[in-house]
Every structure is written in C-alpha cells, then in structure tokens.
Amino acid sequence: MGEDTNGDGIGEPVLRYRKPNIGAEAEFAVPDTSDTFESAKLGLQWQWQANPGEGWYSLEERPGYLRLYAAALPEGADTLYDAPQLLMQKFPAPSFTATTRLELQPDGTEDEAGLIVFGDQYAYLSVSLDEDGRYTLRRVTGTKEGDSRAERTEETAVLASGTVFLRVAVDEKAQCRFSCSTDGANYEPIGPVFQAVEGRWVGAKVGLFTASRSGSVSRGYADFEAFLLEKS
C-alpha cells in the first residue's frame, strides 16, 4: 500500500493518490455522518468510547429518536474523560457544524445530557436539573495532565425546559464554537472558543452523551431527535 519512494518494496503513506482503474464508472461513496435515528440500529459512523454496555440506548422506545439512558460513570470517575457511554464519530471534515435537539428526562440533579467534542482535552454543552428544580445549560471544558483529570464550567444559563437545540461549529483550525437555541432558528453562543485536540490513538471526535454522576442506578434518560452534520 502507499507509494514505494525508494524501491524497497515498502509503500509509504501519501496524502493524495490517483484513483484506481476498476474498469467501470462508479458513484462517489462516503461514510454516513448525519443520523435521524429512523433505522432499527445505529449507523456505522457511530463509536462508543469503550465497549458498549447493555441498556445504554434504545432506538425503539421512541421511534425516530435515539434514547440514551443515564448510565453511571465508572467507580471513582468524576469527569467524562473516563466515561465509556460517549457515543461519537470522528471529525467528518476539516470544517463542519453539528446540531442536535435533545429532551432531558432526569432522575435527579446528577443526570445530564449533551453534545461533546472529545480528545485528550474536551468540551461540551450539557443540560441538567439544579437544586432549585431549574433546567440549566452548562458549557464545560475537560483537561487531562498526566493522571489528573479536571472539568471547569465556563458558562451557565437557565432554560425554560429540558428541551433545547445544541450546536458546535468547527473551523479548519479545529476551533469549536458552541451555541444553543430554543427554537432551532436563533442560536446564542455560549462559552469560549475551544481548541479541539486529538485523543489517544485517534483524532478528535464529536457526538452525544447522557450520564449520571450519582454513582447509582438512574432512571433518567435523554431523547435526541437527530444529529445533523453540515458543511460550515
């Protein structure tokens, strides 16, 4: 594979290469990216952050929606860095916009759901319920230094309900700008620009999550109506 630049019979990686002649005309084929969750199974573009657990999601409980249940974080974990239930896909293009609409049905203040850009550092927008019974939007940055993990809340906003549109716009420098909307038309930026970085063994990813920080079984969940990826 690749290009044999020095005649040793070993191919070297290339950024561009001529299209092979297969003897016929063929349509362009690209991996799926957007998902309206109308299928009975997840598309091949999706990856769990770790081996999937039973009961993490459903595409049948509410047809046309992806339901992510609020699985607990692993014992001893207090950040999403170690959360296996992140459902993501690799960045599909140098620049793009990802949008989702979620409805959170929490089982207490420790449940949250949101949109995340993930790597060795990560950022997300999440919805949760505060101690006063108000739905709260948080823009959070997660960092990792050696064995130390930490999350920092950059900005918060109070929501009228647990239903909200979340969006992240990624430019060609991998700078990510998060925003939210209550009507799907008018988006308000929230939090600072985040510089995406690659993860361990893989590049940066973008996706969805629902999690419980209670340390026990939660009956909470979030329904995601769609995950739409568009060219920026």
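Look a little higher up for the structure.
Bear in mind the structure is a predicted one, so any value in this text is a computation, not a measurement.

*Asks:* Quick question: what am I supposed to make of unusual backbone geometry here?
*Replies:* For residues other than glycine, phi is negative in most cases, and the peptide bonds are mostly trans. A positive phi angle is found at Phe37, which is not glycine, with a value near 60 degrees. Its place among the elements puts Phe37 in the segment before strand S1 (47-48). In this structure, Ala174 takes a positive phi of about 65 degrees despite not being glycine. Looking at the element boundaries, Ala174 is found in the loop between strand S11 (163-170) and strand S12 (175-181).

*Asks:* When you look at the nonpolar core in this model, what are you seeing that I'm missing?
*Replies:* Across soluble globular proteins, nonpolar side chains have a tendency to be buried as a group. Counting residues in hydrophobic clusters, the biggest one holds 41 residues, and the most contacted among them are Leu66, Val168, Leu208, Phe224 and Phe227. When near neighbours in sequence (up to four residues on either side) are disregarded, Leu66 contacts Phe37, Leu42, Tyr57, Ser58, Leu59, Leu87, Leu208, Ala222, Asp223 and Phe224. Formed by 13 residues, the second largest nonpolar core is a distinct cluster that contains Leu73, Leu80, Ala83 and Leu86.

*Asks:* Whenever I open this one, the packing of aromatic side chains confuses me. Can you help?
*Replies:* What characterises a pair of aromatic rings is the spacing of the ring centres plus the angle enclosed by the ring planes. Scanning the entire structure with this criterion turns up 10 aromatic pairs. Centroid distance Trp46 to Phe227: 5.1 Å. Interplanar angle 65 degrees. Geometry classified as edge-to-face. One end of the pair, Trp46, is in the segment before S1; the other, Phe227, is in strand S16 (residues 221-230), with 181 residues separating them in the sequence. Assigned by exposure class, Trp46 and Phe227 land together as buried. The interplanar angle of 65 degrees and the centroid separation of 5.2 Å between the aromatic rings of Trp48 and Trp56 together place this pair among those described as edge-to-face. For the residue pair Trp48 and Trp56, the accessibility class agrees, reading buried in each case.

*Asks:* Explain the state of the cysteines here, please?
*Replies:* As used in these notes, a disulfide is a covalent bond between sulfur atoms, one from each of two cysteines. Using the criterion set out here, one finds zero disulfides in the structure. Free of any disulfide, Cys180 has its nearest cysteine sulfur in Cys176, 16 Å distant. Note on Cys180: relative accessible area 14%, which makes it buried.

Reading the values: rules and limits
Residues numbered from 1 in each chain as written. Predicted model: local features only at pLDDT ≥ 70, side-chain atom pairs only at ≥ 80, totals over all residues. Heavy atoms only, no water. Helix = DSSP H or I, 4+ residues; strand = E, 2+ residues; numbered from the N terminus. Core = buried A, V, L, I, M, F, W, Y, C linked by side-chain atoms within 4.5 Å. Buried < 20%, exposed > 50% of the residue type's maximum accessible area, 1.4 Å probe, protein only. Contact = heavy atoms within 4.5 Å. Phe/Tyr/Trp six-rings, centres within 6.5 Å; stacked < 30°, edge-to-face > 60°. Disulfide = S-S within 2.5 Å.

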